[in-house]
Amino acid sequence: MGSTAGPRGHLRRLVTGITALLAAASLMTACGSGGDGSGGGGGGGAVDAKGVDDGTKLTMWTRAATRPQSEALVEAYNTSHKNKIELTVVPTDDYQAKVGAAAGSKDLPDLFASDVVFVPNYTSSGLFADLTERIDALPFAEHLAQSHIKAGTYEDKKHVVPHTLDLSVLFYNKDLYRKAKLDPDKPPATLREWDRQARAVDALGGGVDGTFFGGNCGGCGVFTWWPSIWAAGEDVLNEEGTEANLASGTAKKVYDTYRGWVRDGIVAPGARDETGTTWTGVFPKGKVGVMPMPSTTLGLMPADLDLGVAPIPGPDGGRSTFVGGDAIGISATSESADQAWNFLAWSLGDKAQVDVVAANKDVVARTDLASNEHSEADPRLVTINRLVAHGRTPYALKFGQTFNDPNGPWLTLMRGAVFGDGTSVAKDNEAVTASLAD
């Protein structure tokens with residue numbers, strides 16, 4: 001995720017401090033500080049799509065996982081606006097607890113970002129201001145990454161906008177494809193083709209493997225397995241995020257494919273024990289044919305590695321992606337909501353998205369800017385950017401304890417499905433539902 005997964009840990013992190021967060025937030029809400037749009041973070045009065053730039057000093061928090069993108073945006077804003085933002089980067093593992101403590105003491109910054117999968121915990125606790133009218137007033141509102149907008153929607157009110165995006169995509173090694181007599185310009189369009197191509201590359205031998213995955217990493221699993229289910233048109237969770245559908249026929253086809261790779265030695269060594277810490281370091285070595293990876297790793301690949309990027313397919317086709325990363329909103333207690341909105345609106349505008357985000361080879365937050373002067377120089381970036389419109393971000397208040405916790409029920413389901421015989425999936429799916437509804 002970066003939210004969500006990937007080298008920046010979007011979806012690998014165990015949610016720590018959520019209990020304290022909710023306790024502190026309920027105290028804050030009880031004191032009448034929730035964002036109802038009538039004052040404080042809501043910023044009453046007529047809505048201005050651009051906000052106010054009058055020299056106000058603003059505070060902003062982000063987690064270390066998104067430091068490069070956050071610093072680039074803040075620096076560009078500060079040099080071109082009267083308002084000035086003081087950015088605080090918090091260690092990712094400490095972020096939840098810090099936000100929780102600040103909520104309890106009503107000491108939240110004007111702006112704070114969050115791994116998008118944990119945004120529901122903050123919105124339901126009243127930590128973010130209602131931004132519905134502000135967001136809807138943007139001329140490009142319909143083109144914003146809707147998965148992030150939906151994740152921040154609570155009781156029909158929108159509370160966040162996209163800040164950084166990290167998508168799950170297939171990476172494939174074109175050199176190995178050529179050696180395996182595969183067309184380097186035809187990546188797999190179905191899970192069956194993915195299976196066939198991975199096996200063809202694996203047959204090369206000599207230390208080459210067909211694919212790889214994080215088999216002991218719950219976050220890696222949701223980030224890269226769920227898109228294959230979504231691509232088939234199925235949901236993995238109900239709308240409320242309280243019930244799992246991870247034992248469907250489609251889901252089992254996905255698990256069966258991965259189990260076949262394990263059984264037949266198609267997977268590079270170490271998959272069974274991979275907790276996510278070195279998951280993205282395998283493909284860059286040039287010895288793996290095709291595997292799902294975070295889009296943010298594209299810019300980290302060796303310059304001499306000839307690789308392609310493709311959507312993650314379902315068993316019989318389709319395409320989807322897990323839209324991770326961070327969303328950002330204005331705290332419900334901010335007294336400078338109009339000025340804080342000025343930054344958010346600017347960060348989503350053409351200039352910031354193209355000259356800052358796209359220029360750094362990051363995923364743009366708007367589908368109408370998928371093809372731009374920077375991405376057009378690398379067709380792989382256009383592929384990634386266009387996937388935003390096909391992606392999803394799951395909604396669940398109990399996401400962390402269920403899917404990220406190494407002792408949670410999802411990892412048990414994963415491992416039983418691919419390293420076991422697969423017969424425990426239905427029972428494990430019930431355990432996932434129980435955890436979500438707890």
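1. As for the environment of Trp279
Piece 1. By secondary structure assignment, the location of Trp279 is in the loop between helix H10 (249-263) and strand E7 (290-294).
Piece 2. Note on Trp279: relative accessible area 1%, which makes it buried.
Piece 3. The spatial distance from the C-alpha of Trp279 to the C-alpha of Gly215 is 9.4 Å, given a sequence separation of 64 residues.

2. Details of the environment of Ala251
Piece 1. Mapping Ala251 onto the fold places it in helix H10.
Piece 2. If we ignore the near neighbours within four places in the chain, the residues touching Ala251 are Ile229 and Leu246.

3. Some thoughts on the packing of aromatic side chains
Piece 1. Under the definition given, this model contains 25 aromatic pairs.
Piece 2. Lying over the aromatic face of Trp61, Lys98 brings its terminal NZ or CZ to 4.6 Å of the ring centre.
Piece 3. Positioned over the ring face of Phe140 is Arg366, at 4.0 Å from the centre of the ring.

4. A word on the pairing of strand E1 (residues 57-63)
Piece 1. When you tally the buried positions in E1, you get five out of seven residues, the bulk of the element.
Piece 2. As defined by bridge partners, E1 adjoins strand E2 (residues 84-90) across seven bridges and the pair is classed as parallel. Its bridge partner lying in E2, Thr59 is registered against Glu86.
Piece 3. Remark: the E1/helix H2 (residues 67-78)/E2 crossover connection has right-handed handedness.

5. So, the nonpolar core
Piece 1. Ranked by size, the top nonpolar core spans 127 residues in total, and within it Trp226, Leu246, Phe343, Phe403 and Trp410 carry the most contacts.
Piece 2. Beyond its immediate stretch of four places on either side in the chain, Trp410 contacts Gly218, Gly221, Val222, Trp225, Trp226, Leu246, Tyr255, Thr402, Phe403 and Val432.

Conventions used here
- Residues numbered from 1 in each chain as written.
- Predicted model: local features only at pLDDT ≥ 70, side-chain atom pairs only at ≥ 80, totals over all residues.
- Heavy atoms only, no water.
- Helix = DSSP H or I, 4+ residues; strand = E, 2+ residues; numbered from the N terminus.
- Buried < 20%, exposed > 50% of the residue type's maximum accessible area, 1.4 Å probe, protein only.
- Contact = heavy atoms within 4.5 Å.
- Phe/Tyr/Trp six-rings, centres within 6.5 Å; stacked < 30°, edge-to-face > 60°.
- Lys NZ or Arg CZ within 6 Å of the ring centre and 35° of its normal.
- Pairing = 2+ DSSP bridges.
- Right-handed = clockwise from strand over helix to strand, strands pointing away.
- Core = buried A, V, L, I, M, F, W, Y, C linked by side-chain atoms within 4.5 Å.

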